[in-house]
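Spelled out, the chains give:
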There are 2 protein chains.
Amino acid sequence: MSGTHTDVPSVVSAPLPSPVPAEEYEQCPVTDIVRRVGDKWSVLVIVLLGRRPHRFNELHRGIEGISQRMLTRTLRGLATDGLVRREVFPTVPPGVEYSLTPLGHSLLGPLSALADWVVAHRDDVAAARRAAAAADT
Amino acid sequence: MSGTHTDVPSVVSAPLPSPVPAEEYEQCPVTDIVRRVGDKWSVLVIVLLGRRPHRFNELHRGIEGISQRMLTRTLRGLATDGLVRREVFPTVPPGVEYSLTPLGHSLLGPLSALADWVVAHRDDVAAARRAAAAADT
DNA sequence: CAGCATCCACGTTGATACTG
DNA sequence: CAGTATCAACGTGGATGCTG
């Protein structure tokens, strides 16, 4: 892992001349995806499925705190985006298995980068929040 | 850039024994940060400030579509988390400059990873969405 | 087992108007 | 210039009960 990010490659820094071109950001795909994954449960589900396929109730019990409704919605959303595959086994009782598609699996890498950042800096963020709260008083 | 992510390092895959430990995910810091940055404007603001400091109205005009209210709230949130610094210059008329803190700047790296993923796979996601929409019909 | 349907509470976003 | 205040609208998330 590199220590610093003095220069940042990729689209984040690349296409941004100083005068700011504006409308470019309106339909910014990065924001789009970050929002998709930024809901309350998507990351959790992706990480879980990243380990191995899971059954519906397996996820339901595994996440603890999620409602059936939200789990269903989250899985549907991820499946719609091609990140998760849903397979129904016509057994009795019927079983449904969810797994990461190759596309979904490829998202684990970038997610790891973010996760590493969080782990490395969560104390800084927590300290900043405390400082801000104290400043309010 | 590496082609595949057959094994994914970092916390995303690391601390997840198969039986699923559950409560661990409730206060998952990754979800926490992803949500913070997952709102409608934060990423845009961070990317803009990543290029250079901006004045308030400069950002307001630059993003186009954001309301004063949302820009203020977004900036305040980011400042609270220590990602953005706010500096007031006691000139006439008063000027306020926003810039990324070192902490905020360090987030550009992970954000780049995500951005690269989005750029590389947005067609796949778009195709999956279209396929899902077609399947509904 | 794996959902869907309904109702409800809440937070977030936005339009608009006003201020130091 | 750089906000704050207020009100309205919407989306998200949760509880509960029912179904194939």
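Residues numbered from 1 in each chain as written. Chains lettered and ligands numbered in written order. Predicted model: local features only at pLDDT ≥ 70, side-chain atom pairs only at ≥ 80, totals over all residues. Heavy atoms only, no water.

A. Seen up close, the overall build of chain A. Along its length, chain A carries seven helices and three strands. Scanning chain A from its N terminus toward the C terminus, one meets helices and strands in the order α-α-α-β-α-α-β-β-α-α. For chain A, long-range pairs separated by at least 24 residues make up 42% of all intrachain contacts whose partners lie at least 6 apart in sequence. About 7300 Å² of surface is accessible on chain A, with carbon and sulfur atoms providing 54% of the total. (Helix = DSSP H or I, 4+ residues; strand = E, 2+ residues; numbered from the N terminus. Contact = heavy atoms within 4.5 Å. Areas by Shrake-Rupley, 256 points an atom, 1.4 Å probe, with all protein chains shown as cover.)

B. Structural detail: the nonpolar core. With 69 residues, the main nonpolar core has A:Leu75 and B:Leu75 as its most contacted residues. The residues contacting A:Leu75, other than those within four sequence positions of it, are A:Val45, A:Leu49, A:Phe56, A:Leu59, A:Val84 and A:Tyr98. (Core = buried A, V, L, I, M, F, W, Y, C linked by side-chain atoms within 4.5 Å. Buried < 20%, exposed > 50% of the residue type's maximum accessible area, 1.4 Å probe, protein only.)

C. Structural view of helix α5 (residues 68-80) of chain B. In this model α5(B) runs 18 Å from its N-terminal to its C-terminal C-alpha over 13 residues, within 8% of the 18 Å that 1.5 Å per residue would give. Of the residues trailing α5(B), B:Gly82 is marked for its positive phi of about 80 degrees. (Expected span 1.5 Å × (residues − 1).)

D. Structural view of the protein's contact with DNA strand D. Around DNA strand D, a shell composed of 19 residues is seen, among which A:Lys40, B:Arg55, B:Arg76, B:Arg86 and B:Tyr98 lie nearest. Between DNA strand D and A:Arg69 there is a distance of 2.9 Å, counted from a base nitrogen to a side-chain nitrogen or oxygen. Of the residues forming the surface near DNA strand D, the biggest block, four residues, is contributed by α5(B). Classifying every residue of the surface near DNA strand D by side-chain character gives seven nonpolar, five polar and seven charged. (Near = heavy atom within 4 Å. Polar contact = N/O pair within 3.5 Å; in protein donor to acceptor, adjacent residues only side chain to side chain. Nonpolar A, V, L, I, M, F, W, Y, C, P; charged D, E, K, R; others polar.)

E. How the structure looks around the pairing of strand β2 (residues 84-89) of chain A. Strand direction decides the pairing type here: β2(A) and strand β3 (residues 95-100) of chain A, joined by six bridges, are antiparallel. Among the inter-strand pairings, A:Phe89 is bridged to a residue of β3(A), identified as A:Gly95. (Pairing = 2+ DSSP bridges.)

F. Up close: the UniProt feature "domain: HTH hxlR-type" (unreviewed entry) in chain A. The UniProt feature table records "domain: HTH hxlR-type" (unreviewed entry) at residues 28-126 of chain A. Along residues 28-126 of chain A, the helical share is 65% and the strand share 14%, with 29 Å between the first and last C-alpha atoms. (UniProt positions renumbered as here; feature names shortened; annotations may be inferred.)

G. Quick peek at the pattern of salt bridges. The tally for this structure, following the rule as stated, stands at six salt bridges over all chains. Between B:Asp81 and A:Arg129 there is a salt bridge, with the nearest N and O atoms lying 2.7 Å from each other. With B:Asp81 in the loop between α5 and β2 (84-89) and A:Arg129 in helix α7 (residues 108-136), this residue pair bridges two chains. Note on B:Asp81: relative accessible area 1%, which makes it buried. When salt bridges that share partners are traced, they join A:Asp32, A:Arg36, A:Asp81 and B:Arg129 into one network. (Salt bridge = Lys/Arg side-chain N within 4 Å of Asp/Glu carboxyl O.)

H. Quick look at the protein's contact with DNA strand C. The environment of DNA strand C is formed by 19 residues, the closest being A:Arg76, A:Arg86, A:Tyr98, B:Lys40 and B:Arg69. Among the atoms of DNA strand C close to the protein, meaning within 4 Å, 65% are from sugar or phosphate groups. Contact between DNA strand C and A:Arg55: a phosphate oxygen at 2.7 Å from a side-chain N or O atom of the residue. One of the side-chain N or O atoms of A:Arg76 is found 2.3 Å from a phosphate oxygen in DNA strand C. When contributions to the surface near DNA strand C are tallied by element, the ones reaching two or more residues are α4 (56-63), α5 (68-80) and β3 of chain A together with α5 of chain B. For the surface near DNA strand C, a count of residues per class yields seven nonpolar, four polar and eight charged.

I. Local environment of the sheet that holds β2(A). All names here are of chain A. The three strands are arranged β1-β3-β2 in an open sheet whose pairing can be described as antiparallel. Looking at which strands have only one partner, the edges of the open sheet turn out to be β1 (54-55) and β2. Against the sheet, helix α3 (residues 42-51) makes contact with β1, β2 and β3, and its axis sits at roughly 95 degrees relative to β3, the strand it touches most. (Axes fitted to C-alpha atoms, helices over the stretch in contact; angles between N-to-C directions.)

J. Spotlight on the sheet that holds β2(B). Taken in spatial order, the three strands make up an open sheet running β1-β3-β2 (chain B), and their pairing is antiparallel. Taken across any chain shown, the strands that pair with only one partner, and hence form the sheet edges, are β1 (54-55) and β2 of chain B.

K. Main features of the packing of α7(A) against helix α2 (residues 29-37) of chain B. One can describe the packing of α7(A) onto α2(B) by two numbers: an axis separation of 9 Å at closest approach and a directional angle of 75 degrees. Looking at the two axes, α7(A) sits roughly perpendicular to α2(B). In this structure, α7(A) contributes A:Leu114, A:Ala115, A:Trp117, A:Val118, A:Arg122 and A:Arg129 to the contact, and α2(B) contributes B:Pro29, B:Val30, B:Asp32, B:Ile33, B:Val34 and B:Arg36. Residues that form the contact of α7(A) with α2(B) fall into these classes: eight nonpolar, no polar and four charged. (Parallel < 35°, antiparallel > 145°, perpendicular 65-115°, else oblique.)

L. Spotlight on the confidence of the model for chain A. Residues and elements named next belong to chain A. Predicted confidence across chain A gives a mean pLDDT of 85, with 82% of residues reaching 70 or more. Here residues 1-5 is modelled with pLDDT under 50, and outside its nearest four sequence neighbours on either side it reaches five contacts, counting other chains as well. This model gives residues 17-26 a pLDDT under 50, and the stretch forms 20 contacts once residues within four places in sequence are excluded. (pLDDT = per-residue confidence, 0-100.)

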